[in-house]
Amino acid sequence: MKKIFLVFTAVLAMSSTISAQKASHTFELGETDFLLDGKPLIMVAGEMHYPRIPKEAWRQRMKMAKAMGINCIGTYVFWNLHEPEKGVYDFKGNNDIATFVKIAQEEGLWVILRPSPYVCAEWEFGGYPYWLQKEKGLVVRSQNPQFLAAYKRYILEIGKQLAPLQVNHGGNILMVQIENEYGFYGSDKEYLDINRKLFIEAGFDGLLFTCDPHTTVKNGHLPGLLPAINGLDKPDEVKELVRTYHNGKGPFYISEWYPAWFDSWGIDHHVVPAENFTPKLDAVLAAGISINMYMFHGGTTRDFMNGANGDANLPFQPELSSYDYDAPLDEAGNATPKFVAFRKVIEKHLPAGTVLPPIPDSKPSRAIAPFELKQATSLLSVLPKPVKSEKPLTFEDLSQAYGYVLYRTQVKTAGTAWLKVKGLRDYGVVFVDGKRQGVLYRRFDKDSLSITIPKQGATVEILMENLGRINFGPWLTDNKKGITDKVLFQGKELTGWEMFSLPFAAMPSKGVKTEKINGDYPVIRKGTFVIDDTKDTYLDMSKWGKGAVWINGHNLGRYWEIGPQQTLYVPAEWLRKGKNDIAVFEMLKPEQTILEAVAKPILDKRKE
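The structure presented is a predicted model; accordingly, all values stated were derived computationally and were not measured.

Procedures and definitions
Residues numbered from 1 in each chain as written. Predicted model: local features only at pLDDT ≥ 70, side-chain atom pairs only at ≥ 80, totals over all residues. Heavy atoms only, no water. Helix = DSSP H or I, 4+ residues; strand = E, 2+ residues; numbered from the N terminus. Rg over C-alpha atoms; globule rule 2.2 N^0.38 Å. Buried < 20%, exposed > 50% of the residue type's maximum accessible area, 1.4 Å probe, protein only. Contact = heavy atoms within 4.5 Å. Lys, Arg positive; Asp, Glu negative; His and termini not counted. Charge placed at Lys NZ, Arg CZ, Asp CG, Glu CD. Pairing = 2+ DSSP bridges. Right-handed = clockwise from strand over helix to strand, strands pointing away. Core = buried A, V, L, I, M, F, W, Y, C linked by side-chain atoms within 4.5 Å. Axes fitted to C-alpha atoms, helices over the stretch in contact; angles between N-to-C directions. Salt bridge = Lys/Arg side-chain N within 4 Å of Asp/Glu carboxyl O. pLDDT = per-residue confidence, 0-100. Parallel < 35°, antiparallel > 145°, perpendicular 65-115°, else oblique. Left-handed = near helix turned anticlockwise from the far one by under 90°. Nonpolar A, V, L, I, M, F, W, Y, C, P; charged D, E, K, R; others polar. Polar contact = N/O pair within 3.5 Å; in protein donor to acceptor, adjacent residues only side chain to side chain.

Engineer: Hey, could you go over the overall build of the protein for me, with residue numbers and the actual values?
Structural biologist: The helix and strand inventory of the protein stands at 10 helices and 32 strands. Its C-alpha atoms give the protein a radius of gyration of 25 Å, near enough to 25 Å, the size a compact globule of 608 residues would have. Each principal axis of the C-alpha atoms in the protein carries an extent, and together these give about 80 × 55 × 40 Å. Here the protein holds 608 residues, and 61% of them are scored as buried. Once local pairs closer than 6 in sequence are excluded, the contacts in the protein between residues at least 24 apart make up 79%. Looking at the protein, you have 73 positive and 70 negative side-chain charges, and the mean spots of the two groups are 3 Å apart.

Engineer: Requested: an account of the pairing of strand 10 (residues 253-257), with residues and values cited.
Structural biologist: Counting buried residues in strand 10 gives five out of five residues, a clear majority hidden from the surface. Where strand 9 (residues 226-230) lies against strand 10, two bridges are found, and the strand directions are parallel. When the sheet's bridge partners are listed, asparagine 230 is paired in strand 10 with glutamate 256. Across three bridges, strand 10 lies against strand 11 (residues 290-293) in parallel orientation. When the bridges of strand 11 are listed, tyrosine 253 appears paired with serine 290. In the classification by handedness, the crossover that spans strand 10, the intervening helix 9 (residues 278-286) and the parallel strand 11 is right-handed.

Engineer: An account of the nonpolar core is requested, with residue identities and associated values reported.
Structural biologist: Counting residues in hydrophobic clusters, the biggest one holds 144 residues, and the most contacted among them are Phe27, Met43, Leu162, Leu174, Met175 and Phe204. The element contributing the most residues to this core is helix 5 (residues 145-162), with eight residues. Those residues in contact with phenylalanine 27 that sit more than four places away from it in its chain are Phe34, Leu35, Leu36, Leu41, Met43, Val167, Leu174, Met175 and Leu207. Of all hydrophobic cores here, the second largest spans 26 residues; its members include Ala417, Leu440, Ala458 and Ile462.

Engineer: So what's going on with the sheet that holds strand 27 (residues 537-540)? Residues and values would help.
Structural biologist: In any sheet, the strands associate via hydrogen bonds between backbone groups, in a parallel or an antiparallel arrangement. As summarised here, the arrangement of the four strands in space is 14-32-27-30, forming an open sheet in which the pairing is antiparallel. Each edge of the open sheet is held by one strand with a lone partner, namely strand 14 (368-372) and strand 30 (567-570). The sheet shows a mean angle of 25° between the axes of neighbouring strands, direction not considered. Inspection of the sheet shows strand 27 paired to strand 30 by four bridges, in the antiparallel sense. Paired with aspartate 540 across the strands is threonine 567, a residue of strand 30.

Engineer: Break down the pattern of salt bridges for me, citing the residues and quoting the values.
Structural biologist: Across all of its chains, the model carries 35 salt bridges by this definition. With its nearest N and O atoms 2.6 Å apart, the salt bridge here joins glutamate 179 to arginine 141. Taken together, the positions of glutamate 179 in the loop between strand 7 (173-177) and helix 6 (189-201) and arginine 141 in the loop between strand 6 (110-114) and helix 5 put the pair 38 residues apart, joining distant regions of the chain. Like glutamate 179, the residue arginine 141 is buried in the burial classification. The salt bridge partner of lysine 546 is glutamate 465, with a shortest N-O separation of 2.4 Å. With a gap of 81 residues between them, lysine 546 in strand 28 (residues 546-551) and glutamate 465 in strand 22 (residues 458-465) connect regions that are remote in the sequence. Judged by its relative accessible area of 2%, lysine 546 falls in the buried class. Through salt bridges with shared partners, a single ionic network connects Arg59, Lys63, Glu106 and Glu107.

Engineer: An account of the confidence of the model for the protein is requested, with residue identities and associated values reported.
Structural biologist: When the pLDDT values of the protein are averaged, the result is 94; 96% of them are 70 or greater. In the model, residues 4-13 has pLDDT below 50 throughout and makes 20 contacts with residues more than four positions away in sequence or in other chains. Segment residues 15-21 is flagged for pLDDT under 50; beyond a separation of four residues in sequence, or across chains, it makes 10 contacts in the model.

Engineer: Give me the lowdown on the packing of helix 5 against helix 6, citing residues and values where you can.
Structural biologist: Close contact between helix 5 and helix 6 brings their axes to 9 Å; oriented N to C, the two are set at 30°. Judged by the angle between their axes, helix 5 and helix 6 are roughly parallel. Crossing of helix 5 against helix 6: the hand is right-handed. Along its contact with helix 5, which presents Phe147, Leu148, Tyr151, Lys152, Ile155 and Leu156, the element helix 6 presents Tyr191, Ile194, Asn195, Leu198, Phe199 and Glu201. Residue composition of the contact of helix 5 with helix 6, by class: nine nonpolar, one polar and two charged.

Engineer: How would you sum up the side chain of histidine 49? Please name residues and give values.
Structural biologist: Along the chain, histidine 49 turns up in the loop between strand 4 (44-47) and helix 2 (58-68). With relative accessibility at 0%, the residue histidine 49 sits in the buried group. Here the side chain of histidine 49 touches glutamate 47 through a polar contact of 2.8 Å, side chain to side chain. Here arginine 52 takes part through its side chain, which lies 2.9 Å from a polar atom of the side chain of histidine 49. Residues within four places of histidine 49 in sequence aside, it is in contact with Thr75, Tyr76, Phe78, Ala121, Tyr294 and Met295.

Engineer: Provide a residue-level description of unusual backbone geometry, including the pertinent values.
Structural biologist: For the bond from glycine 250 to proline 251, the omega torsion is -5°, close enough to zero to count as cis. Mapped onto the fold, proline 251 is located in the loop between helix 8 (235-245) and strand 10. Of note, the bond from tyrosine 294 into methionine 295 is cis; its omega dihedral lies within 30 degrees of zero at 0°. With respect to the element layout, methionine 295 can be found in the loop between strand 11 and strand 12 (308-311). Phi is positive for aspartate 37, close to 50°, though the residue is something other than glycine.

Written out as structure tokens, the structure reads:
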């Protein structure tokens, strides 16, 4: 009870002095407790990621965290956002991680920072930038000199942004994590120590720690650093495990405690009742163990940044745009029944008279009546200048990170036979002379289909989509996209390719006009809708096929009729009173013209 009291008095002390940016605190490891200015502190942390939340809503989400009893925010730092191309750094807008940390301090919240170059996080390539794969011989998560050189440049830039915000420098970052669940991947202690030294060189001179699932702590811990535990919430076992690898001492921290799980395309939506977790949360807090809920608030993975899972025993599974996670705070930032249940548990451990802030009302949401996208352009009309090559080139060969590539060649032999794409990454729509023949999909090892070439010189096109680089496991080092090997027809290799890069990093607009759409070729549709107020809403994409949507220049994410996600969350912060611009890239149902929005999300409708 005394320890929990100190948690909240420490937070209040921070809150009352933020404006003065006063002297630094001390944050240390005691034998059983974390010590803030020499006094025990239990961290009740909640993970939420700045790029998955509109910057305009960061503060609102943090106020919600405080209302549940959370006193720390946990977040990864995403390399591929901050260095999208080699040597090009971006800390603006939604990538402004320093402002995210400062807002937390203004709201009286501590931060647990996880700037490991690898994050997993159901995020594209686990956070690594795509361009690492362009460097011949580079191997991520290793002592490879090319990787370490790139890693060092990056972490030094992160240090410039965030090292001054550590608690020992007057900021609110209590701890900094090196690497991330490395024990799942390897056991090279020298590599881990290189991580530690690079972090220190970058200015992270406070408390460093590692985190690993309880089954792999032996591999992933680094002697001398606190080993935090993921995925285990039995207090006695947590304490025993930490002591085993930490010289018989604590303190004790569950760095990822999962109140639910993420979703993948074509797989049922995950929902786990709060009552499955409340006794475990109660037991952990009663035992004086600090905890980080992964996720407290998931948000949305936009801009083609969703990752994928897959290894030799698991089919390729790309993750959704929605990162709702069945978390205590839903995708839009509203309290769920799980939020209320967890708050009640935390309140049990507060001293008499301590009162949490009231739970804010849910944000208002609205439907939008059906409207038509009146402008339409075939993808053929907006193709850029092609790159030519005898063999197909990967996204990486084309210096393209995300989105789509259209591959085109002419076939010299007429007839009906199997077209086979060796090295299919990840989803392809096949056309012959502009007519769709079918789709290919990596998850089901569907890399072939029978097509008919009507005449010599007919055009074969394959529109390839990067559905997300694998973010976890041994396939992390085999993550190129597009056609990564060759294409066969009648058993013979097709050559003489043109490749058209379609990254769609911004809302497609150039060349989009009103034209008659014939056939089933992919299409870009544009239009507007008018609203008299700005409230959260959800675009209902259930009648559409597959693609991506932009509103007022903001990428809302992907949609796909297979579900389980059928809506795209539209934050009120990105809407305007009056006219709003919208663009849709549709791959499978170009005839669709009508959109509408509903007041509640649809995340659980999977189609076979």
